[in-house]
Every structure is written in C-alpha cells, then in structure tokens.
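The lines below spell out each chain.
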Amino acid sequence: MIVSVIVLMLITMTVVSAFRVSKSHTQAVANMQFKDEALAAANIVLEDVISLPNVETLVGSDGTVPVRFVDINRDGVNDLQIALAVPRCVRVEPSGSSGEENLSGVESNVANTGQTYVLWEIQADVTDTATGANVSVVQGFRQQVGTIPASCN
C-alpha cells in the first residue's frame with residue numbers, strides 16, 4: 001500500500017511537471033505568433049507610408065500621425081493598433097552622390113533626372129488591442145524627391 005501511494009505521488013508529480021512545461025511552451029509559441037503578426041501589420045502600414053509621394057503629408061495639422069488599425073486575421077475586428085512616429089529625415093543626398101549617375105544614358109535606359117534623395121526613418125509601435133502586448137519596428141527608406149522637404153532643413 002505504501003509503495004502504491006509513492007508510485008501514485010510520482011505519477012502525479014510527473015503529470016503536473018508535464019503540464020507546466022506544456023503551458024510555458026504554449027506561451028512561447030503565442031508570443032512568437034504575436035510578434036510575427038505585429039511585424040506583418042507594421043510592414044503593411046509602413047509600405048503604405050513608403051508609397052506616399054511625400055511622407056510629410058502623413059503628419060496631421062496637430063503635428064501627430066493618426067493611429068491606424070489592422071484586422072490581421074480578417075474577422076472584421078481590428079486586432080492591432082499601429083501608432084506611427086513622425087517620419088525623421090536622416091540625410092539628404094543630391095543626385096549622383098550614390099553612383100546612379102553611372103547608370104544614366106542610352107545604353108542603361110535610365111534617365112539622369114537631377115533629383116534629390118532623402119533617407120527617412122520611421123517607427124511603428126504595434127499594440128494588440130486584446131492583450132496590450134506591443135512591439136516596435138523601425139524602418140528606413142530612401143525616397144526620390146523634387147524638392148528638399150522642410151523637415152530636412
């Protein structure tokens with residue numbers, strides 16, 4: 001009888017231990033899934049920003065960038081909130097400073113436009129609306145502009 005009680009206790013401890021390990025693995029997988037979803041949502045919004053002809057139009061009259069929402073699983077409920085920071089002008093490069101002048105001409109089929117390039121940096125803070133978990137993504141991109149934006153002066 002004593003042996004059976006000891007065996008029963010060992011089995012119970014093994015089951016409890018297995019449950020704890022399983023729970024921690026499930027939490028780790030859920031965290032990785034949120035991170036992947038948050039990165040995907042941030043990339044969706046950042047691609048929209050990068051495609052703007054002038055990223056300064058992103059900033060509202062009050063000097064802030066409107067918050068955006070993404071329904072990542074397409075169930076009709078906004079799952080993630082993306083707060084974009086005001087784009088920061090990192091550097092202005094005149095045309096020809098990065099080697100594209102060597103590409104222009106008839107043979108390359110690339111016109112030398114004499115445009116200016118601006119290197120921007122923007123941060124997206126993604127928050128899960130259900131849990132409050134958050135991730136920050138910083139993206140840099142280079143944009144060809146006709147005139148130097150005011151924020152770069």
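Above this text you will find the structure in question.
This text gives an overview of the structure that appears in the document. (Residues numbered from 1 in each chain as written. Predicted model: local features only at pLDDT ≥ 70, side-chain atom pairs only at ≥ 80, totals over all residues. Heavy atoms only, no water.)

The next point concerns a nonpolar patch on the surface. A cluster of nonpolar side chains, contributed by Ile2, Ile6, Leu10 and Met13, occupies part of the molecular surface with about 440 Å² of accessible area. Structurally, Ile6 can be placed in helix 1 (residues 2-50). Residue classification places Ile6 among the partly exposed residues on the basis of a relative accessible area of 46%. (Patch = residues over 30% accessible without salt bridge, like charges linked within 9 Å, V, L, I, M, F, W, Y side chains within 5 Å. Areas by Shrake-Rupley, 256 points an atom, 1.4 Å probe, with all protein chains shown as cover. Salt bridge = Lys/Arg side-chain N within 4 Å of Asp/Glu carboxyl O. Helix = DSSP H or I, 4+ residues; strand = E, 2+ residues; numbered from the N terminus. Buried < 20%, exposed > 50% of the residue type's maximum accessible area, 1.4 Å probe, protein only.)

Excluding glycine, most residues fall at negative phi; most peptide bonds, likewise, are trans. Despite not being glycine, Arg74 has its phi angle at roughly 55°, a positive value. With respect to the element layout, Arg74 can be found in the loop between strand 1 (68-70) and strand 2 (80-84).

Counting through the fold element by element, Trp120 comes out in strand 4 (residues 116-128). Residues Trp120 and Val55, spaced 65 residues apart in sequence, show a C-alpha to C-alpha distance of 8.8 Å. Polar side-chain contacts of Trp120 include one of 3.0 Å to the side chain of Gln143. (Polar contact = N/O pair within 3.5 Å; in protein donor to acceptor, adjacent residues only side chain to side chain.)

Before going further, it helps to examine the nonpolar core. Membership of the largest hydrophobic core comes to 25 residues, with the highest contact counts inside it found for Ile82, Leu84, Trp120 and Ile122. Elements with a contribution of two residues or more to this core: helix 1, strand 2, strand 4 and strand 5 (134-145). Sort the elements by how many residues they give to this core and helix 1 lands first, with seven residues. If we ignore the near neighbours within four places in the chain, the residues touching Leu84 are Val45, Leu46, Val49, Leu58, Val65, Arg68, Ile122, Gln123 and Ala124. (Core = buried A, V, L, I, M, F, W, Y, C linked by side-chain atoms within 4.5 Å. Contact = heavy atoms within 4.5 Å.)

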